[in-house]
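Overview (structure and organization)
One letter stands for each residue in the lines below.
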Amino acid sequence: MSSTPTSELIARLTGVVGDAGLILDAPGKAPFLRDWRDVFHGQAVAVVRPKSTAEVAGVVRICAEFGVVITPHGGGTGLAGGATPLDAPGQIVLALDRMNRVRDLDIVDNVLVAEAGCVLQSLQVAAEEAGRLLPLSFAAEGSAQIGGAIATNAGGVNVLRYGSARQLVLGLEVVLPDGAVLDRLRRLRKDNAGYDLKQMFIGSEGTLGIITAVSLRLFPRPVQTQAAVVAVGGPEAAVELYVRLNAEMGEFLSSFELISAAACKVSLDHLPDANWPFRGGWSVLVEVATSSPEVPLADILEAALGRALEHGCAEDAVIAQTLAQGQGFWRVREGASEGERAAGKSVKHDVSTPISRIPALIRAVEAGLAERFPGARPNIFGHVGDGNMHVNVILSPAQANDPQAPERINRLVHDLIAAEGGSITAEHGVGQYRIADLYRYTSPVDMGVMEQLKRMLDPAGLMNPGKVISSAAAVDGGATH
Ligand SMILES: Cc1cc2nc3c(=O)[nH]c(=O)nc-3n(C[C@H](O)[C@H](O)[C@H](O)COP(=O)(O)OP(=O)(O)OC[C@H]3O[C@@H](n4cnc5c(N)ncnc54)[C@H](O)[C@@H]3O)c2cc1C
């Protein structure tokens, strides 16, 4: 920040957002200055809460003038420290929670236009009330905002069928680091007029601008859903089962989730009364859905699973008989991460590989841990149909007390991911947490292009610095390649 006194900055910001749009007291600011897991902590002179795009633009222009750093903040559910400011002076947090209006919902265009601060779950409800489906869905949807979900290219349980945020966004409105408003809030299914600028901001974690509104694709609402748990011999059989089910009924397949034997135990230890048909082995949770009442969905699923049993890639299968039973299956799947917290200190990896490489990756991680970190327990589960897995590691008590252990285990898992042609993050993003690893596993050419983009849009390096791109490379003249 320049030498301008904080009082002058606050007076100017108050002129844009009013007293109601500013949090200045320490208890009020506190939740915005630490992350969801309480790992990252930072500072800000104020939390600024604009309630319109014009107010966001006004705030950003003042920050550009005063040289004040901005950290955009959505629901604060990100696990990479992206929404937490750095521990440095001269910063504000820009919270989008007061920008929470649905601007339009059109069932002919099948589009929902919403402001960035809308909580994801509220948009799912709005779509459902209009007889449509907004398929973006993950466990933090009751707190995450649509702007944060897009800034992290969120996915979740329906990516297999509908894609992640990248595929669901038709248009964006973004306030750029100089305060200009990029109005690409279109609702076109096809548009070849120049570069597809919206894609640059999806997954950019608030480092290139502030997303203020979004237009999202809607889909026909399923009227039938069937869930089944399938016992499989291991990840090899799970991938074989996926290939078969995808070939035989791919148009109905919406989720295909793998739960390792260890993850199943972790979850069931945490949820002892859970309704889960198989104990002690690997399983897959399959969900199929259709918007047609005429399709014999249960018969199609049963027949496909029957053929998989005959083939041998499935060992046993139970189809949920009621909606509640299906929801119970999902509780156990979600319990793999909740139970992990109860099982001890863990090192988390939200990685992806080509689907064909999943078994090799899992076997290599198991072998590597057994050899180099005896006592560490792999806790592996996730969205196999997207190649996106949680390859988490629960530490032994001795490892939990070793400050070097997480870093060394990270290196082991990420080296194996790189060897399988995968990505070190497919869910939570880079934030502050994974910058060093992003540079380690990304080519200098790729990083150079990202750094140039950052410097072009944000030459003063005021937009969420220290996230994704290294601080040294983010300002003009600071190229690392
Ligand atoms: C329990 C749990 C389960 C999850 N499951 C999945 C999953 O299955 N699949 C998956 O993909 N992800 C998953 N996630 C991660 C999830 O995608 C993110 O937590 C969520 O999308 C972040 O939204 P948020 O509003 O909380 O953003 P925040 O945490 O507030 O911010 C995240 C990042 O986006 C930036 N940002 C926020 N709002 C804006 C804006 N309006 N404009 C520009 N930048 C902005 C922030 O600066 C920060 O860098 C899960 C997270 C949790 C906690």
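Keep in mind the model is a prediction, meaning the values are calculated, not measured.

A word on the domain arrangement of the protein. We note that the domain assignment places domain 1 (6-95), domain 2 (102-220), domain 3 (222-342), domain 4 (344-430) and domain 5 (442-474) within the protein. Each of domain 1 and domain 4 has a C-alpha centre, and these two points are 34 Å apart.

In the region of the ligand, 34 residues are neighbours, and Pro 72, Gly 74, Gly 75, Thr 77 and Gly 155 sit closest. At 3.2 Å from an oxygen atom of the ligand is found a side-chain nitrogen or oxygen belonging to His 383. Taken by itself the ligand offers 970 Å² of open surface, and the protein chains cover 93% of this. Where the shell around the ligand is concerned, the elements lending two or more residues are strand 3 (69-73), helix 5 (146-151) and strand 10 (210-217). Looking at which element gives the most residues to the shell around the ligand, the answer is helix 5, with four residues. Grouping the amino acids of the shell around the ligand by side-chain chemistry returns 14 nonpolar, 18 polar and two charged.

A few words now on the sheet that holds strand 10. Hydrogen bonding along the main chain pairs the strands of a sheet, whether they run parallel or antiparallel. Sheet architecture is open: five strands sit in the order 5-6-10-8-9, paired in antiparallel fashion. Here the strands that pair on one side only, and so sit at the sheet edges, are strand 5 (102-106) and strand 9 (181-184). Pairwise comparison of adjacent strand axes, ignoring direction, gives a mean angle of 10° for this sheet. Alignment of strand 5 against strand 6 (residues 111-115), held across four bridges, turns out to be antiparallel. By the bridge assignment, Asp 104 is partnered in strand 6 with Val 113. Most of the contacts of helix 3 (residues 53-66) go to strand 8 (residues 169-175), to which it runs at about 45°, and overall it touches strand 5, strand 8, strand 9 and strand 10. Against the sheet, helix 4 (residues 120-129) touches strand 5, strand 6 and strand 10, its axis set at about 145° to strand 6.

Attention shifts here to the packing of helix 9 (residues 235-249) against helix 11 (residues 297-311). Packing of helix 9 against helix 11 brings their axes to within 10 Å, and their N-to-C directions diverge by 140°. On the basis of the axis angle, helix 9 is oblique to helix 11. Read as a crossing pair, helix 9 and helix 11 show a hand that is right-handed. Side by side, helix 9 and helix 11 meet where Glu 240, Leu 241, Arg 244, Leu 245, Glu 248 and Met 249 of the first sit next to Ile 300, Leu 301, Ala 304, Leu 305, Arg 307, Ala 308 and His 311 of the second. Of the residues that constitute the contact of helix 9 with helix 11, the class distribution is eight nonpolar, one polar and four charged.

Closest axis-to-axis distance for the helix 1 (residues 6-17)/helix 3 pair is 9 Å, and the angle between their directions is 165°. When the axes of helix 1 and helix 3 are compared, the pair comes out roughly antiparallel. For the crossing formed where helix 1 meets helix 3, the hand is right-handed. Two secondary-structure elements touch here, helix 1 through Glu 8, Leu 9, Arg 12, Leu 13, Val 16 and Val 17 and helix 3 through Glu 55, Gly 58, Val 59, Ile 62, Glu 65 and Phe 66. Of the residues assigned to the contact of helix 1 with helix 3, the class counts are seven nonpolar, one polar and four charged.

Reading the values: the criteria
- Residues numbered from 1 in each chain as written.
- Predicted model: local features only at pLDDT ≥ 70, side-chain atom pairs only at ≥ 80, totals over all residues.
- Heavy atoms only, no water.
- Domains from an automatic or database assignment.
- Near = heavy atom within 4 Å.
- Polar contact = N/O pair within 3.5 Å; in protein donor to acceptor, adjacent residues only side chain to side chain.
- Areas by Shrake-Rupley, 256 points an atom, 1.4 Å probe, with all protein chains shown as cover.
- Helix = DSSP H or I, 4+ residues; strand = E, 2+ residues; numbered from the N terminus.
- Nonpolar A, V, L, I, M, F, W, Y, C, P; charged D, E, K, R; others polar.
- Pairing = 2+ DSSP bridges.
- Axes fitted to C-alpha atoms, helices over the stretch in contact; angles between N-to-C directions.
- Contact = heavy atoms within 4.5 Å.
- Parallel < 35°, antiparallel > 145°, perpendicular 65-115°, else oblique.
- Left-handed = near helix turned anticlockwise from the far one by under 90°.

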